[in-house]
There are 2 protein chains.
Amino acid sequence: MKTIQLRQKHVRPNVELFFEEDPPMIVRGKGQYLYDENGNEFLDCNFNVSHVGHLHPYVAEAVHKQILTLNVNSRFLNDKLSVYAKRLSSKFPEKLNFCYFTNSGSEAIDLAIQMARAYHKGERHKILCLEMAYHGHLESTMRISVYKKKDGNYPRDLAAVIESERDEITVCSVAAFIAESFPSCADEIQTGFGRIGTHFWAFERDQIVSDMVSSGKPIANGYPLAALVVKSQVSNSFCAGKRTYFNTFGGAPVSMTAGLAVLDVIENDNLQQLAQEVGAYLKQKLQELQLKHWLYVDVRGQGLLVGFELIRNKDTLEPGTKEADELQVRMMKENRVLVNLDGKFNSVIKIEPPMCFSKKDADNVFKSADRILGEIEARLKPTGKHTK
Amino acid sequence: MKTIQLRQKHVRPNVELFFEEDPPMIVRGKGQYLYDENGNEFLDCNFNVSHVGHLHPYVAEAVHKQILTLNVNSRFLNDKLSVYAKRLSSKFPEKLNFCYFTNSGSEAIDLAIQMARAYHKGERHKILCLEMAYHGHLESTMRISVYKKKDGNYPRDLAAVIESERDEITVCSVAAFIAESFPSCADEIQTGFGRIGTHFWAFERDQIVSDMVSSGKPIANGYPLAALVVKSQVSNSFCAGKRTYFNTFGGAPVSMTAGLAVLDVIENDNLQQLAQEVGAYLKQKLQELQLKHWLYVDVRGQGLLVGFELIRNKDTLEPGTKEADELQVRMMKENRVLVNLDGKFNSVIKIEPPMCFSKKDADNVFKSADRILGEIEARLKPTGKHTK
């Protein structure tokens, strides 16, 4: 039976596939490239989890060596947990010095929610969030993730309120957390580990020190690991009494080793610096799109986390959802460039590649998007008149 | 700085250590054995996650090969997810044929809770549970885990009710779920993958087919993976509308490969059969303890998931909490046998070793427990008079 038929038989369709109608069958990866079963090379502008590159040999070797040595849980004293906790802490401002290790960003955010509620001794339950953020697939994090509820009707740009009832929720804003003097949580699952270029963590850009910082996805280059790093006073209530925290796989030696190896590669290969340089170049190329096309191209982001939204009309802000969808599919089919769609209207082309992404890769993204956008525009409005 | 001091500096004490006062520093594992920094060998009767043995070379090799090939998320079509979903489904009754992959048992249970609530379209919110079970560290699963609330005051043996408010909760009972015709969930995180010997899953022993089955810990021999396997009708509401389920690491090719390798080893090495034979032998040896000692030794469990409770007085059921604690510590210090404490009163010595555990290992557990129990009794009650 073909892979996709087998999948349909045993995996429900709400576990979505990219390019559902005709997905490429991916069999191999290397650096910023993925390969299908026929050996075709795809430029991966999408999978931020492979932070230091698909299947980085240094990380793979470190993981393999540790798998052949020891992999137990955090209840057994072992040096890897202590060493990685120290190393990860060293990447944060001094007061953020205690680490909890989980298996996913969702688990880290869930823990942050538990910790915030413990801090307030149950008297405060709600979480202040930003519209359109997404904090994970768990029951607790879905309650603060409007993003997943695309059929809902929410204001577009307002920092908004709170949960408790699933129907009233939006997502984490560092600023709002601080303004409200909640124990605040900076969600660095997408933005951390040097991706934004100028800083190792995005919260540093705002010169604030959050009470808790969650990190995940890129932390171990695909090995399931996430972390919540907290200030001591924020976690005191959570640690009080007989309340323990045990996470079976969280903090196991192999995941710690993967985390250590990723930090090594980021430092040894100057990936943060590269993200800053290549990200700036990429953003500049995308801004060229804005000059060349009458579909308004709104470029946002920093470092190697950038996106451009297609907007049909700059005055009404009518989103170019259909155009973005066509652009994404054709970039894959015609140029083997994999980008993702994002945003409230799925009108944003998001680029969040492995950090070894090069200027040449940025050129290829530009060339593909430029050509296809031109063709879409020619069909939509043959005169090519700019509506700006 | 020493490992333990480094740990205390960066990890809060509610992430507990075994043998907190003087924990051995574990540096290596192999089969059912762990080794400290001085090369001392410990018999691991505890770490069920290393299901087919610590650092099994077959699993390690498969994982390494896959790490050097591809590791992306479930949105990319890849054969490993489909193949493992088929293989895992084949271990279940026919109707349990859809798989959701997560990173931890906690995430799988959380998903089961979300799915049960979606099935009832929000009209039923509470979860029927058994006293003293534990279903995970998440906000949602803590609400149904009395186990973690040792300071609470709960009846000891009653199947009990329900959550909603954290203060009123107990844990999942397969029987109760069915009796109430809830979409029921069998939590096989501890019991699955042949551990009980007679069956691959514990729910099969009762000749029922749950609507959902969660599995975790042993599923991939320590690689972070868990699964929720469901009937189609139970998941229909969860899949309806625009509700998607995305788990960043869940279902990634490396975790699927680890899961496949574990199933291979269980089958190739007849581990289920071994668990039945060695488990029966171990239980028989533990029952000998009951005959030889005046502390009442209540032996429970099946296959390689057995325990014995120390009870000071068979009539009042006064638990032997202090004695169990002393026994556990001395078994580690004097004979390097690692067992865990469990139960409401921490009076149960739990034995849940890697499945390659041998009869000789069972003899060593017996000898250590027998000698130390004798010494504890001699000190407690020098006459040695039996109170049964």
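As the structure is a computational prediction, the values presented were derived from the model and not from experiment.

## Describing the overall build of chain A
When helices and strands are tallied, chain A shows eleven helices and 16 strands. Taken across its 388 residues, chain A has 62% of its residues classed as buried. Considering only contacts within chain A whose residues lie at least 6 apart along the sequence, 69% involve residues at least 24 apart. Total accessible area on chain A stands at roughly 15,000 Å², and carbon and sulfur atoms take up 49% of it.

## Notes on the pairing of strand β1 (residues 26–30) of chain A
Residue and element names in this part refer to chain A. Two strands pair when backbone bridges link them, and β1 and strand β2 (residues 33–36) are joined in this way by four bridges, in the antiparallel orientation. In the sheet register, Gly29 faces β2, and the bridge partner there is Leu34. In sequence, β1 turns back onto β2 through a hairpin of two residues, with Gly31 there showing a positive phi of about 60°.

## Notes on the sheet that holds β2(A)
Remark on secondary structure: sheet strands pair via backbone hydrogen bonds, oriented parallel or antiparallel. The strand order across the open sheet built from four strands is β1-β2-β3-β14 (chain A), with neighbouring strands paired in mixed fashion. A single partner strand is all that each edge strand has here, and the edge strands are β1 and β14 (337–338) of chain A.

## Here we look at the interface of chain B and chain A
Across the boundary between the two partners, chain B contributes 94 residues, which contact 93 residues of chain A. The junction of chain B with chain A conceals about 8,800 Å² of combined surface from both sides, 61% of it contributed by carbon and sulfur atoms. The largest contributions to the chain B side of the interface with chain A come from B:Arg12, B:Leu77 and B:Phe249, which together make up 10% of the buried area. At the surface where chain B touches chain A, the tally comes to two salt bridges. Ionic pairing is found between A:Glu139 and B:Arg117, a salt bridge with its closest N-O pair at 3.5 Å. Viewed at the interface, chain A and chain B are joined by 46 residue pairs in polar contact (both at pLDDT 80 or more).

## Re the relation of the copies chain B and chain A
Rotating chain B by 180° and moving it 0.0 Å along the rotation axis overlays it on chain A with an RMSD of 0.0 Å. This pairing of chains is accounted for by a two-fold axis. Comparing contact sets, 99% of the residues at the interface of chain B also lie at the interface in chain A, consistent with an isologous, same-surface contact.

## Description of the domain arrangement of chain A
Residue and element names in this part refer to chain A. Splitting chain A by domain gives domain 1 (2–52 + 270–380) and domain 2 (57–268). Buried area between domain 1 and domain 2, both sides added, is near 2,300 Å², and the carbon and sulfur share of it is 48%. Among the residues of domain 1 in contact with domain 2, Gln272, Gln302 and Lys344 are the three that bury the most area, contributing 30% of the side total. Connecting domain 1 to domain 2 are zero salt bridges. Those elements giving two or more residues to the side of domain 1 that touches domain 2 turn out to be α9 (271–292) and β12 (305–313). No other element matches α9, which puts four residues into the side of domain 1 that touches domain 2. Its residues assigned to classes, the side of domain 1 that touches domain 2 comprises eleven nonpolar, ten polar and five charged.

## As for the environment of B:Glu352
Looking at the secondary structure, you find B:Glu352 in the loop between β16 (348–351) and α11 (359–380). A distance of 3.3 Å separates the side chain of B:Glu352 from the side chain of B:Lys350, its partner in a polar contact.

## Some thoughts on the packing of aromatic side chains
Aromatic ring pairs are reported here in terms of the distance separating the ring centres and the angle at which the planes meet. For the structure shown, the criterion picks out 25 aromatic pairs over all chains. A centroid spacing of 5.0 Å and a plane angle of 70° characterise the contact between A:Phe76 and B:Phe18, whose relative ring orientation is edge-to-face. Of this pair, A:Phe76 sits in the loop between α2 (57–67) and α3 (79–89) while B:Phe18 sits in the loop between α1 (3–10) and β1 (26–30), placing the two residues on different chains. With respect to burial, A:Phe76 and B:Phe18 carry one shared label: buried. Between the aromatic rings of A:Phe76 and B:Phe47, the centroid separation amounts to 5.8 Å while the plane-to-plane angle is 80°, which identifies the pairing as edge-to-face. Residue A:Phe76 is found in the loop between α2 and α3, and its partner B:Phe47 is found in the loop between β3 (41–44) and α2 (57–67); the two belong to separate chains.

## Considering the sheet that holds strand β4 (residues 96–102) of chain B
Residues and elements named next belong to chain B. Strand order in the open sheet formed by four strands is β4-β10-β9-β8, and the pairing between neighbours is mixed. Where the open sheet ends on each side, the last strands, each with one partner, are β4 and β8 (185–187). When the angles between neighbouring strand axes are averaged without regard to direction, this sheet yields 20°. Lying on the sheet, helix α3 (residues 79–89) is in contact with β4 and β10 (226–231); it crosses β4 at an angle near 130°.

## Some details on the side chain of B:Ser104
Its location among the elements puts B:Ser104 in the loop between β4 and α4 (105–119). Taking relative accessible area as the criterion, B:Ser104 reaches 5% and is therefore assigned buried. Within the structure, B:Ser104 has its side chain in polar contact with the side chain of A:Glu107 (distance 2.5 Å).

Criteria and cut-off values
Residues numbered from 1 in each chain as written. Chains lettered and ligands numbered in written order. Predicted model: local features only at pLDDT ≥ 70, side-chain atom pairs only at ≥ 80, totals over all residues. Heavy atoms only, no water. Helix = DSSP H or I, 4+ residues; strand = E, 2+ residues; numbered from the N terminus. Buried < 20%, exposed > 50% of the residue type's maximum accessible area, 1.4 Å probe, protein only. Contact = heavy atoms within 4.5 Å. Areas by Shrake-Rupley, 256 points an atom, 1.4 Å probe, with all protein chains shown as cover. Pairing = 2+ DSSP bridges. Buried area = accessible area lost by both parts, 1.4 Å probe. Salt bridge = Lys/Arg side-chain N within 4 Å of Asp/Glu carboxyl O. Polar contact = N/O pair within 3.5 Å; in protein donor to acceptor, adjacent residues only side chain to side chain. Least-squares fit on C-alpha atoms with pLDDT ≥ 70 in both. Domains from an automatic or database assignment. Nonpolar A, V, L, I, M, F, W, Y, C, P; charged D, E, K, R; others polar. Phe/Tyr/Trp six-rings, centres within 6.5 Å; stacked < 30°, edge-to-face > 60°. Axes fitted to C-alpha atoms, helices over the stretch in contact; angles between N-to-C directions.

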